[in-house]
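Below, each chain spelled out in residue letters.
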Amino acid sequence: MNSPTKSPTQRPGPKPERWGTRVGLVLAVAGNAVGLGNFLRFPAQAAQNGGGAFLIPYLISFLLMGLPLLWVEWAIGRHGGQYGHHASPGMFARMGRGSWLKYVGVFGLFTNLTVAAYYCYIESWTLAYVWHSLIGTFTHTPATTFFPEYLGTTNPSITAVPYEAACWFVGTLALNTWILSRGLVKGIELAAKIGMPMLLLFGVVLAINGLTLGPGDPGVVESPLVGLNFVWMPQTSGLWNPSTWLAAAGQVFFTLSVGMGSIHCYAAYLRERDDIALNATTAGAVNEFVEVVLGSAILIPIATAYLGLNLVQAATAGGSGFDLAFLTLPTLFNQWGAFGPIACAMWFGLLFFAGITSSLAMGQPVVAFLQDEFKARRGSAAGVFGLSTLVLGMMCVILYPGGTFDEFDFWTGTFSLIIFAFAEVIIFGWIFGIEKGWAEINRGADLKLPGFFKYVIKYVTPTFIGVVLLGALIKPSGGWGDALSALLHTGRWPFAPGSVIGKVFHVGETQSWFDPAGQVTRVFVEDLTRVVLITVFVLIALLVRKAWAGKSITHDQQEGPRL
C-alpha cells in the first residue's frame, strides 16, 4: 500500500510538544477529571439517590461506560496526534473517509470553550472564598448573606454587574491563560504536579478532622459516620430504579470529563507506542479514589455531624452540593475554633486546585487547534482562548441571576457531552472499525485489557450512552412509571422542566420575554443565551471549514508513516 500523502494539516518544523514524565501525564489527566463535581456533585447525587443504592449502578456505569470511553478517547487522541492533530476536528478527520467527520470534532472545541466560560467563574468563587476565609469574613458575616451579595442576586435588576465577582473571575482567567501560555510541561504538567498533591493533602486533613468529630464537640448533633455509612453501604434497591441508573451514568460522564475533547488533546501528545491502556485506567482510578473516598468523606459527613442526615438530604435536593459547600460549610467551620478559618481556606483551596487542573485541560484543545491549523504561537493562542472565555464568561457573571449560568451548564456541560460521547463511540466502533480501534488501544500497552471489552465498546457502551441520551431528552416530571401511565391514559408525556425537551419549550415557565414594567425576564435571558451558544458553535464550525479549505487527507487501508 502507498503511504498516505502528508496532509497540509500536519505541523512541519518544530518538534511536537510531549509530556515531560509519565507521572506528570497521569496527574494532568487525573486533574482534568478530578474537578468540582467530585466534591460537590457526587455526594449530592448519592444523597438524593439513596446513598449506597446509588453506588452499585455508579460502579457498573463506570465499568461498562466510563472506562471504555476513557480508552476510546485516549486511542483517538494518540492516533490523531501521530499525524499532527492535537484537537478533535483533525483527529476525527483521520477516523474515516467522510469529510463530515471533522465537524463532529467541533464539539471538542465548543464544549471546552463554553464550559470553561462558566467553570472558570465557579473556580473564581473558590479563590475568593479562600481569601475571605483567611481574613475572617465568615466569622462575622454568614455565608448565606455573603454569597448572594457576591453573585449579585440581591440586586433587583437581573443585569446588574457584581463587581467583586467580576474582578475575581478576571484574575482567575488571567492565571489560567498565563499557565497555558507557558506550554505543556512548564505550564499544565507543572500545575498538575503542584495542584494534585495539594488537593489530596487538603482532602485528607479535612476528612480526618471531619470524621473524628464526636458528641463532645461543639454543635455536633449526629455522628459523621452516619453520613459516611449512608454513602458507602451498597444497597441493591438502586438496581431497580431507572432514575438512579440515569443519575449514576450521568455522574460518570461528569466526573471523568469524557465527551469534551480534553482527554483526546492530552493523549495526542503521546508517542505512537506510548501506553494508553494503563495510563487511562490509572487516571480513571485516581479520579474514582478522589470522588468515592475523599469526595464522600468530607461534605456529607461534616454536614451530617452538624445538621443531621435528614437536613443534608433536603439541602442537596436537585442533586447539587453547591448550597452546602458555599452557604453552609463556611458557617460550620466556625465550630472548629482557631482552626476553623484555616479549614475553610483548605476546603475552598481544595476546590480551587480541583477546578484549575480541569479548566487548564479545557483551554489546551483550543490552543492546540489554533497552533495546528492556523500556525499561531502558543502565547497568542492562549490569549485568544482567554479573551473568548472572558467574553462568554462575563455573560455568566452579569446575567447569573437571569439564568445564563444555568443555561451554559445544561447545554454545554451536560447535553453536549452526551451527544459528543455518543457520536465518538459510534465512529470509533463502526466507522474507524472496532478491530482497528482495539489494536490502537492495545498498541504499546503496559496493561493487557480483557478481550470482552472490545464488544463492550462496540455494543454495550453505545447502548448505555443512548439510554442516557434518551433519558435526558424525555425525563418526566414525576416517576417513570407514572409518566408511562399518563401516556397510556392521556396520550401525553409529562416532560420535566429539566429535560431537554422541557428546556427547549420552557415547560413550567409562565413569563414572556418582558415583564409588565418592560424589564427583560429570565425567559428572555435563557433564549438569548441559547442564541449565543448556537452562534459560537456555528462560528467554530466555520473556523474548522476555513482550516481545511484547500486541504485534503489521504486515507488507505493501512496507515503509513506517522509523526
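K.L.:
Provide a residue-level description of the overall build of the protein chain, including the pertinent values.
P.N.:
Within the protein chain, the regular secondary structure consists of 23 helices and zero strands. Here the protein chain has a C-alpha radius of gyration of 23 Å; the compact-globule value for 563 residues is 24 Å, and the two agree. If one aligns the C-alpha atoms of the protein chain with their principal axes, the spans along those axes are about 75 × 60 × 55 Å. Classification of the 563 residues of the protein chain by burial places 58% in the buried group. Long-range pairs, those at least 24 residues apart, make up 82% of the contacts in the protein chain with a sequence separation of at least 6. For the protein chain, the exposed surface amounts to about 21,500 Å²; the carbon and sulfur share of it is 66%.

K.L.:
Describe in detail unusual backbone geometry, supporting the description with residues and values.
P.N.:
Backbone geometry places Ser257, a non-glycine residue, at a positive phi of 60°. Structurally, Ser257 can be placed in the loop between helix 11 (242-256) and helix 12 (262-267). On the basis of relative accessibility, which here comes to 7%, the residue Ser257 falls in the buried class. Of note, Lys375 is a non-glycine position whose phi angle comes to about 55°, a positive value.

K.L.:
Tell me what's going on with the confidence of the model for the protein chain, and back it up with residues and numbers.
P.N.:
On average, the protein chain scores 88 in pLDDT, and the residues at 70 or more come to 94%. Mean pLDDT across the secondary structure elements of the protein chain bottoms out at helix 11, with 81, and peaks at helix 8 (residues 163-181), with 97. Low pLDDT, under 50, characterises residues 1-13; the predicted model gives this stretch 37 contacts beyond four residues in sequence or across chains. Counted against residues more than four places away or in other chains, residues 556-561, with its pLDDT under 50, gives 17 contacts.

K.L.:
Kindly report on the nonpolar core, identifying the contributing residues and their values.
P.N.:
By size, the foremost hydrophobic cluster in this structure holds 176 residues, and its most contacted members are Phe39 and Trp347. Here this core gets 20 residues from one element, more than from any other, and that element is helix 16 (residues 340-374).

K.L.:
Pulling in residues and values, what's your account of the environment of Leu225?
P.N.:
Relative to the helices and strands, Leu225 resides in helix 10 (residues 224-232). Separated by 76 residues in the primary sequence, Leu225 and Pro301 have C-alpha atoms spaced 6.3 Å apart.

K.L.:
I'd like to hear about the packing of aromatic side chains, residue by residue, with values.
P.N.:
A full pass over the atoms with the stated rule returns 45 aromatic pairs. With 6.3 Å between their ring centres and 45° between their planes, Phe202 and Phe353 make a pair best called tilted. Of this pair, Phe202 sits in helix 9 (residues 184-211) while Phe353 sits in helix 16, placing them 151 residues apart in sequence. Both residues of the pair, Phe202 and Phe353, belong to the buried class. We note Lys458 situated over the ring of Trp430; from NZ or CZ to the ring centre the distance is 4.3 Å. Positioned above the aromatic ring of Phe410 is the side chain of Lys503, whose terminal nitrogen or guanidinium carbon lies 5.1 Å from the ring centre.

K.L.:
Run through a nonpolar patch on the surface, naming residues and quoting values.
P.N.:
On the surface, Trp100, Tyr103, Trp430, Ile431, Tyr455, Tyr459 and Val460 cluster together to form a nonpolar patch covering roughly 710 Å² of accessible area. Of all the secondary structure elements, the ones that give two or more residues to the nonpolar patch are helix 18 (404-431) and helix 20 (452-474). With three residues, helix 20 is the largest single contributor of residues to the nonpolar patch. Along the polypeptide, Trp100 turns up in the loop between helix 4 (88-93) and helix 5 (101-104). When its relative accessible area of 46% is taken as the criterion, Trp100 is described as partly exposed.

Cut-offs applied
- Residues numbered from 1 in each chain as written.
- Predicted model: local features only at pLDDT ≥ 70, side-chain atom pairs only at ≥ 80, totals over all residues.
- Heavy atoms only, no water.
- Helix = DSSP H or I, 4+ residues; strand = E, 2+ residues; numbered from the N terminus.
- Rg over C-alpha atoms; globule rule 2.2 N^0.38 Å.
- Buried < 20%, exposed > 50% of the residue type's maximum accessible area, 1.4 Å probe, protein only.
- Contact = heavy atoms within 4.5 Å.
- Areas by Shrake-Rupley, 256 points an atom, 1.4 Å probe, with all protein chains shown as cover.
- pLDDT = per-residue confidence, 0-100.
- Core = buried A, V, L, I, M, F, W, Y, C linked by side-chain atoms within 4.5 Å.
- Phe/Tyr/Trp six-rings, centres within 6.5 Å; stacked < 30°, edge-to-face > 60°.
- Lys NZ or Arg CZ within 6 Å of the ring centre and 35° of its normal.
- Patch = residues over 30% accessible without salt bridge, like charges linked within 9 Å, V, L, I, M, F, W, Y side chains within 5 Å.
- Salt bridge = Lys/Arg side-chain N within 4 Å of Asp/Glu carboxyl O.

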